[in-house]
Amino acid sequence: MLDQGAPPHNGQPAAPPSLGVGARLMRRKPVELLVAEGGPGDGGSLRRSLGLWQLTMISIGATLGTGIFVVLGEAVPKAGPAVTLSFVIAGLTALFSALSYAELAGTIPVSGSSYSYAYATMGELIAWICGWCLMLEYGVSVAAVAVGWGEYLNELLDGTIGVTLPAALSAPPGDGGVFNLPALIVVLLAMAFLMGGARESARANTIMVVVKIAALVLFCAIGVQGFRSGNYENFMPLGMAGVSAAGATLFFSYIGFDAASTAGEEAKNAQRDLPRAIMLSLVIVTALYVLVAAVAVGAKPWQHFTDSEASLAQIMREVTGQSFWGTLLAFCAVVAIASVVLTVLYGQTRILFAMSRDGLVPKAFGRVSPKTGTPRTNTLIVSLFCGVLAAAVPLGQLADATSIGTLFAFALVNVAVVVLRRSRPEMPRTFRVPLSPLLPALGFAFCVWMMGSLSTVTWVVFGVWMAVGLVFYFLYGYRRSRLAAPATSEAK
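Please read all numbers here as calculations on a predicted model, not as lab measurements.

S.K.: For the side chain of Thr262, give the residues involved together with the corresponding values.
M.R.: The residue Thr262 is located in the loop between helix 12 (256–261) and helix 13 (270–299) in this model. Taking the relative accessible area as the measure of exposure, Thr262 reaches 0% and is therefore buried. The contacts of Thr262, once residues within four sequence positions are left out, are Val110, Ser111, Ser113, Tyr138, Tyr346, Gly347, Arg350 and Ile351.

Pasting the structure below:
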């Protein structure tokens, strides 16, 4: 492999014209160059305005609510009461990967997240594959969560004014509808916030995070009154296979700390605050997930859970016998899930921003508005794509597709932290993974294990997605990469 550990000359890596295909594919981008390029885009620069509090709220905002408010109704039938164990396994898998993310985020504080970490350690082709997986992870996650938002909006409308949107306008094809209008609306609302600026978006997200935490605490306080220990008698009715299958589905709700790492170029002190925000948010989120899942299954027999994305509101209504509490929770969920859409959409745009700066995707994704300091064209394109996807594809298919993309990217991060330790041991690190390489190896193994628990259909979709990505890379990114052929790309 061509080693590019040393800083480049004059800000640009050398690119011998005789460089072979294999060497170009494995060419690594120096950490110093990654960090030096942070911030500026085409026409403007991202603004460093986020502190530890805002970064933690972004991480919680992108995570808390997705697995509980949206996917719980689908996970419980797979695992039964052991869904609480599924959350623990998914959280443990996330923890191993979060440790690796924390080290790399403090060492390479840039917007590209695991894409940039892979570029610095494993080469351009692996970085592209990782970035392509992140597009699946983030873009599909936005759509999946938006679908659940529409379900809770209907619950809210029913409890307040006694009407609901017709199925044709509130569900995608395959779920009894024609077009999921609410899902499109929430994505467009998030787009409007993001175009206003990172600081303004962070403020709105913080308010929504406070609302969602209050909603989940309220659910636990009321739901525990309907708790029946008999609901846990047959704890693992579908065996460990069911537990792992539910855990793999639920894992897509743990991508929040990845979203925080994409804020590396907009954090005031990224090397200090990113690792702290990642670990703090994961602890808070996992504790709330397990608590709420335990109360939910205790209050309602697992056999009675349906594919409804508004399962928590239904439990509140059943426990109290009143519609008020269910309606209140539905309102909180509408606000809470909107914050997931906002922060995950933010992460997607920043990763594409980093890939555009490297020449691997079109320049439009790297243009920054000098007025707001945000990639507005990027945000518009991504939002419209995710909105249409949310309006047209059922939730279950979206959630599993997100899970496999997330797990693959996390597996690569666990490898990257070990590679960088060996190739650049002298680099200053504000956080170090304990017991390395043991814990990164466990993180990698857990990710691979959970990927194996996903359905054959999900793997087929993933395979097709990766094939399309490789075709795009060799037709576009391979020829235009600034690292592999800077002179050629600049000429174009």
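Following the structure, the description resumes.
S.K.: If you had to explain the packing of helix 14 (residues 311–320) against helix 15 (residues 323–357) to someone new, which residues and values would you point to?
M.R.: The packing of two helices is summarised by the inter-axis angle and the distance between the axes. At a minimum axis distance of 7 Å, the contact between helix 14 and helix 15 shows a crossing angle of 160 degrees. As judged from the angle between their axes, helix 14 and helix 15 are roughly antiparallel. Between helix 14 and helix 15 the crossing geometry is right-handed. Contact residues: Leu312, Ala313, Met316, Arg317 and Thr320 in helix 14; Ser323, Trp325, Gly326, Thr327 and Leu329 in helix 15. In terms of residue class, the contact of helix 14 with helix 15 is made up of five nonpolar, four polar and one charged.

S.K.: Go over unusual backbone geometry with me, naming the residues and quoting the values.
M.R.: Going from Ser436 to Pro437, the amide bond is cis rather than trans, its omega being 10 degrees. Positive phi, close to 55 degrees, is recorded for Ser113, a residue that is not glycine. With respect to the helices, strands and loops of the structure, Ser113 is situated in the loop between helix 5 (83–107) and helix 6 (114–121). Here Leu435, not a glycine, exhibits a phi torsion of approximately 55 degrees, which is positive. Along the chain, the position of Leu435 falls in the loop between helix 17 (395–423) and helix 18 (438–452).

S.K.: Break down the nonpolar core for me, with residues and values.
M.R.: Counting 155 residues, the largest nonpolar core has Phe69, Leu72, Val83, Phe87, Tyr152, Phe219 and Leu312 as the members making the most contacts within it. Considering every element that reaches this core, the biggest residue donor is helix 7 (residues 124–160), with 21 residues.

Basis of the calculations
Residues numbered from 1 in each chain as written. Predicted model: local features only at pLDDT ≥ 70, side-chain atom pairs only at ≥ 80, totals over all residues. Heavy atoms only, no water. Helix = DSSP H or I, 4+ residues; strand = E, 2+ residues; numbered from the N terminus. Buried < 20%, exposed > 50% of the residue type's maximum accessible area, 1.4 Å probe, protein only. Contact = heavy atoms within 4.5 Å. Axes fitted to C-alpha atoms, helices over the stretch in contact; angles between N-to-C directions. Parallel < 35°, antiparallel > 145°, perpendicular 65-115°, else oblique. Left-handed = near helix turned anticlockwise from the far one by under 90°. Nonpolar A, V, L, I, M, F, W, Y, C, P; charged D, E, K, R; others polar. Core = buried A, V, L, I, M, F, W, Y, C linked by side-chain atoms within 4.5 Å.

What is shown is where atoms sit, not what they do.
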